[in-house]
Amino acid sequence: MNFLIFLGIFLGGGAGAFCRFSLDSLIKKHWSHPLSVGTLTINLLGSFALGWLTALTAGALSLTWGSEAARAASLIIGTGFLGGFTTFSTAMVETVSRVKVATSPGVKSSGERGVLGALFLLFGQAVLCFVVAGLGLALGGAVS
Amino acid sequence: MEWSLYYAPPVAPGSSSCLPCGRPLGTPGLTLCKARVYRRDVKEQKIPAGLLVFCGGGVGASLRWILGLLFPALPVTLVINVLGAFALGFLLTFLALSGPEDSSPSGARRRTVRLAVGTGFMGGFTTYSSFAVGSIELIQDDAWGGFFLYALASLCLGFVACFLGVWGAEKTASRQAFHVKRQPEKGGIR
C-alpha cells in the first residue's frame with residue numbers, strides 16, 4: 001500500500017511539475033510582463049487547491065470514501081501533484097533576480113524603490129496565497 | 001551528438017533553398033551566419049523538456065514526502081523550502097555563468113540539468129501550497145505567534161538563502177573562469 005502511495009506521489013509530483021512548466025511557458029509566451037506573473041498564478045492556484053483538498057479529505061471525502069482512501073488522495077494529489085505544481089524556490093529566485101536588477105548600475109528604476117518593490121512582492125505573494133488557501137479550506141469544509 | 005558545418009557558396013539570386021541540403025531557407029534550425037555558412041542544428045536530438053521536468057519533479061516530490069515521514073516532529077516544509085531556495089539560486093546562476101545553452105554538448109548538458117534538476121527537482125521538492133496551507137492552519141489553531149514565526153522565517157530565510165546561493169555561484173563560477181572558454185566546441189568544415 002505504501003509503495004502505491006509512493007508511486008502516486010512520484011507520478012503526481014512529476015505531473016504537477018510538468019503542468020507548472022507548461023503553464024509558466026504559456027504565460028511567458030503570451031504575456032511578457034516584467035513581474036513574472038507565471039509563478040504567482042501557479043502558486044495561487046495551487047494554494048487554493050490544497051486548502052480545498054485538505055478540508056475536503058478531512059471532512060466529506062473521509063465520510064464517503066473512508067479515511068484510508070481520503071488520506072491516500074490527500075497525499076497523491078496534495079503532497080504529490082500540488083506540491084510539484086507550486087514552487088517556493090522559483091518564487092525566491094525571481095525575487096532575488098528583481099532585487100539584483102534593481103541594484104545593478106545603469107538601470108532606470110531607482111535602487112531603493114526597486115528593492116522595496118521586490119520585497120513587497122515577496123510578502124504580497126505570500127499574503128495572497130494565505131488568503132486563497134484560507135478560502136479553499138473554508139469552501140472545502142463547507143462541502144457536505 | 002554532433003553538428004555539422006556546411007559551407008555553401010552564396011545562394012543564387014532568386015533561390016530560396018540551401019544548396020547542400022536542399023531545405024528551404026527559413027527552416028527552423030537552419031542559420032545563416034556572416035560567413036555564409038549554413039549550420040544545421042541537431043535540434044531533433046534534444047531530450048524533451050517536459051520529460052526532464054516530469055522526472056525531476058517526481059523525484060523532488062517523493063523526497064519531500066519521505067523526509068516528512070522521517071522527521072515528523074520537524075517543520076520539514078520550512079527546511080525544504082529554504083534549502084531548495086539556496087540550491088536553485090546556486091544552480092541557475094552557476095549554469096547561466098558557465099556558458100550558453102546552445103546545441104553544443106555542454107550546452108545541451110546545461111539545458112538538461114536546468115530542466116531536470118532546476119525546474120523539475122527543485123520545483124517539485126519545494127512547495128508553496130504546503131507553506132500557505134500550513135500557515136493558515138496555524139491561524140486556525142489560534143497560534144498567531146507560531147504563524148508569524150513560520151511565515152516570516154520561511155520568507156526571510158528563503159530569500160537570504162537564495163541570495164547566498166546566487167552569490168556563492170557567482171564566486172565559484174568566476175574562480176573557474178568559465179568565460180575564457182568561448183571557442184566553439186566541435187565542428188569544422190566537412
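The rules behind these values
Residues numbered from 1 in each chain as written. Chains lettered and ligands numbered in written order. Predicted model: local features only at pLDDT ≥ 70, side-chain atom pairs only at ≥ 80, totals over all residues. Heavy atoms only, no water. Helix = DSSP H or I, 4+ residues; strand = E, 2+ residues; numbered from the N terminus. Buried < 20%, exposed > 50% of the residue type's maximum accessible area, 1.4 Å probe, protein only. Core = buried A, V, L, I, M, F, W, Y, C linked by side-chain atoms within 4.5 Å. Contact = heavy atoms within 4.5 Å. Salt bridge = Lys/Arg side-chain N within 4 Å of Asp/Glu carboxyl O. UniProt positions renumbered as here; feature names shortened; annotations may be inferred.

**Things to note about unusual backbone geometry**
Residue and element names in this part refer to chain B. Positive phi, close to 65°, is recorded for D142, a residue that is not glycine. With respect to the helices and strands, the residue D142 is situated in the loop between helix 4 (128-140) and helix 5 (144-176). Since its relative accessible area comes to 59%, D142 is described here as exposed.

**Thoughts on the nonpolar core**
Membership of the largest hydrophobic core comes to 40 residues, with the highest contact counts inside it found for M92(A), F130(A), Y128(B), F131(B) and L155(B). Residue assignment for this core shows that the elements contributing at least two residues are helix 2 (37-58), helix 5 (88-103) and helix 6 (111-142) of chain A together with helix 2 (76-98), helix 3 (105-125), helix 4 and helix 5 of chain B. Here the element with the most residues in this core is helix 5 of chain B; it accounts for nine residues. Once you skip the residues sitting within four places of it in the chain, L155(B) turns out to touch F88(A), M92(A), L122(A), F123(A), A126(A), Y128(B) and F131(B).

**Focus on the environment of L67(B)**
Residues and elements named next belong to chain B. Along the chain, the position of L67 falls in helix 1 (residues 49-70). For the pair formed by L67 and T172, sequence separation is 105 residues and the distance between their alpha carbons is 29 Å. Beyond its immediate sequence surroundings of up to four residues, L67 is in contact with V76, I80 and F125.

**Examining the pattern of salt bridges**
Should the charged atoms of two oppositely charged side chains come close, the side chains can pair. Residues and elements named next belong to chain B. A full pass over the atoms with the stated rule returns three salt bridges over all chains. Ionic pairing is found between R114 and E101, a salt bridge with its closest N-O pair at 2.7 Å. Of this pair, R114 sits in helix 3 while E101 is found in the loop between helix 2 and helix 3, placing the two residues 13 residues apart along the sequence. Looking at R114, the relative accessible area reads 28%, which means it is partly exposed. You can call E101 partly exposed: its relative accessible area is 38%.

**A look at the UniProt feature "binding site: Na(+)" (unreviewed entry) in chain A**
In the numbering adopted here, UniProt assigns the feature "binding site: Na(+)" (unreviewed entry) to G83(A) and T86(A). Considering the arrangement of structural elements, one finds G83(A) in helix 4 (residues 67-85). A relative accessible area of 0% places G83(A) in the buried class. Sequence-distant contacts of G83(A), defined by excluding residues within four places in its chain, comprise G78(A), R64(B), G123(B), G124(B), T126(B), T127(B) and S129(B).

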